[in-house]
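# Fold and contact review
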Amino acid sequence: MAKMAASVLDGGEDAFRKIFKFYKRRDPPPDLRNVTDFCSGAAGEKVVPVKLNPAAVRDEDAASVGLKPVRDWRAFSLQGYPGFIFISNPFLRGSQACWVRRCLKTYPQKPNVCNLDMHMSPSDTQDIWASSAEVLRLPPSGKRQTKTLLEKLRWVTLGFHYNWDTKTYSAHRFTPFPTDLHALSFRITAACGFPGFSSEAAILNYYRSDSSLGIHVDESELDHSWPLLSLSFGQSAIFLLGGPRKQDPPTAMFMHSGDVMVMSGPSRLLYHAVPRIVPAPLERAAVLEDFSSASSLLEPVPEEDWAVCSRYIQSSRVNVTVRQVLGPGQSFPETSPASVQRDDEGRTVGYHDGSGDGDRGKRKRSCSVSDSAETKET
Ligand SMILES: O=C(O)CCC(=O)C(=O)O
Ligand SMILES: [Fe+2]
């Protein structure tokens, strides 16, 4: 990293932008030797193994969401980034396929919101999976003229639906958060020292091989004391983790299929970006393809569904970030606290509309996932 940073940074200013452009460049492609790989230990001079709390999650609770026992997870911190935790694929063999299927088949369904809703009628986006599966199941035959809806999907929001225009969440844009994704998030965050996490919002990003995500910080959530959880499936990404200021030079790292990141404490509000999607290393691709393994307690993925998922994921990456938006007892401004409906465990299960829409705060985010031609990286 140090050598690359020195050469890229000539001219001094706006180090993050320059490094983003360096990794996004197509011709000639960038040298990836300075990208930290937690899995292989490459370029990892700042990587420090950490022990998580194995007692925080019972083995059967981990297995029920497709995770290995916590004592078997390989977790790392990164010098200079307190609160950042990287877990190298804690999933049981066979369980990633299940999560991939949920990201492609289940979560894009109504009442969840996706980019296609912005210019299509609800009836046309009613079943993105069904309309795409038929085509994706066919053997590839040259270049198809029209893309399936699944191939046009760029983001889905869950729970409190993020408003990309106002960069806010609000009380009246809420639908129940999927219980299975909450169970997964609750257990991972508990093992990382955050018991009681309430998954209230998620953004799923769907990247094609030429997609990128601009430099941003996730600060629209009203309570930043809870971690931001990030899960990745499919092709790999180069992830840039910067500093508290937009121009601070970032560290580049690979995020492979199954890898998990937790941004907490001082790392919760660091700038970050995804300049490039790269092919998954062979061994990671093989683990992902193992959809029938019996080690997972999750429902098996039917072969005909996996044919679609596998075809899609061969050229795509799905990232899921899960967020707690409100602190305990907190509500959106101008909305009475009594209107938040929580279950016995304190999870938000519903929201009565308050007097005003309560929009506040901002999520400084340049853009959602964009494809090569249309990317503005800041
Ligand atoms: O795709 C990723 O790894 C990052 C996604 C992200 O930063 C976001 O959704 O806010
Ligand atoms: Fe982000």
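Residues numbered from 1 in each chain as written. Chains lettered and ligands numbered in written order. Predicted model: local features only at pLDDT ≥ 70, side-chain atom pairs only at ≥ 80, totals over all residues. Heavy atoms only, no water.

- An unreviewed UniProt entry annotates the protein as Nucleic acid dioxygenase ALKBH1 of Kryptolebias marmoratus.
- Taken directly from UniProt, the Subunit (unreviewed entry) text for the protein runs: "Monomer. Interacts with DNAJB6."
- UniProt lists a comment for the protein under the heading Subcellular location (unreviewed entry), and it reads "Nucleus". (UniProt positions renumbered as here; feature names shortened; annotations may be inferred.)

## Examining the packing of aromatic side chains
- Counted according to the given criterion, the structure contains ten aromatic pairs.
- With centroids separated by 5.7 Å and ring planes inclined at 40°, the aromatic side chains of Phe38 and Phe76 adopt a geometry described as tilted. With Phe38 in the loop between α2 (15-24) and β1 (47-50) and Phe76 in strand β2 (residues 74-78), this residue pair connects regions lying 38 residues apart in the sequence. By the burial criterion, Phe38 is buried, and Phe76 matches it.
- Seen from their ring centres, Tyr162 and Trp164 are 5.0 Å apart, and the 85° between their planes marks the pair as edge-to-face.
- Residue classification places Tyr162 among the buried residues on the basis of a relative accessible area of 1%.
- Here the aromatic cluster, defined as three or more aromatic residues joined through ring pairs, consists of Trp155, Tyr162, Trp164 and Tyr169.
- Its end group placed over the ring of Trp99, Arg102 keeps NZ or CZ at 4.5 Å from the ring centre. (Phe/Tyr/Trp six-rings, centres within 6.5 Å; stacked < 30°, edge-to-face > 60°. Helix = DSSP H or I, 4+ residues; strand = E, 2+ residues; numbered from the N terminus. Buried < 20%, exposed > 50% of the residue type's maximum accessible area, 1.4 Å probe, protein only. Lys NZ or Arg CZ within 6 Å of the ring centre and 35° of its normal.)

## Concerning the packing of helix α4 (residues 95-106) against helix α9 (residues 303-313)
- The interhelical angle for the contact between α4 and α9, taken along N-to-C directions, is 85°, at an axis separation of 10 Å. Taken as axis vectors, α4 and α9 run roughly perpendicular relative to one another. Between α4 and α9, the residues in contact are Ala97, Val100, Arg101, Leu104 and Lys105 and Asp305, Trp306, Cys309, Tyr312 and Ile313, respectively.
- When grouped by side-chain class, the residues that make up the contact of α4 with α9 number seven nonpolar, no polar and three charged. (Axes fitted to C-alpha atoms, helices over the stretch in contact; angles between N-to-C directions. Parallel < 35°, antiparallel > 145°, perpendicular 65-115°, else oblique. Contact = heavy atoms within 4.5 Å. Nonpolar A, V, L, I, M, F, W, Y, C, P; charged D, E, K, R; others polar.)

## Describing the sheet that holds strand β4 (residues 113-114)
- Spatial ordering of the open sheet is given by β1-β2-β3-β11-β8-β13-β6-β5-β4, a layout of nine strands whose pairing is antiparallel. Because the sheet does not close on itself, it has two edges, and the strands there are β1 and β4.
- Bridge analysis of strand β8 (residues 228-234) against strand β11 (residues 260-263) gives four bridges, and the strand direction is antiparallel. Directly across from Leu228, in β11, lies its bridge partner Met263.
- Its contacts with the sheet put helix α7 (residues 179-191) on β3 (84-88), β5 (155-159), β6 (201-208), β8, β11 and β13 (316-323), and the angle it makes with β8 is roughly 115°. (Pairing = 2+ DSSP bridges.)

## Looking at the UniProt feature "binding site: Fe cation" (unreviewed entry) in the protein
- Summarizing the sequence annotation, UniProt attributes the feature "binding site: Fe cation" (unreviewed entry) to His216, Asp218 and His272 in the numbering used throughout. A stretch of 57 residues holds the annotated residues, and the largest C-alpha distance among them is 9.0 Å, short enough that they meet in one place.
- Turning to its location among the elements, His216 is positioned in strand β7 (residues 211-216).
- According to the relative accessible area criterion, His216 is buried, its value standing at 2%.
- A polar atom in the side chain of His216 sits 3.3 Å from the side chain of Asp218.
- Summarising the element assignment, His272 is placed in strand β12 (residues 272-278).
- Sequence-distant contacts of His272, that is, excluding residues within four places in its chain, are made with Phe16, Gly214, Ile215, His216, Val217, Asp218, Phe239, Leu240, Leu241 and Met263.
- For His272, the side chain forms a polar contact with the side chain of Asp218, separated by 2.9 Å. (Polar contact = N/O pair within 3.5 Å; in protein donor to acceptor, adjacent residues only side chain to side chain.)

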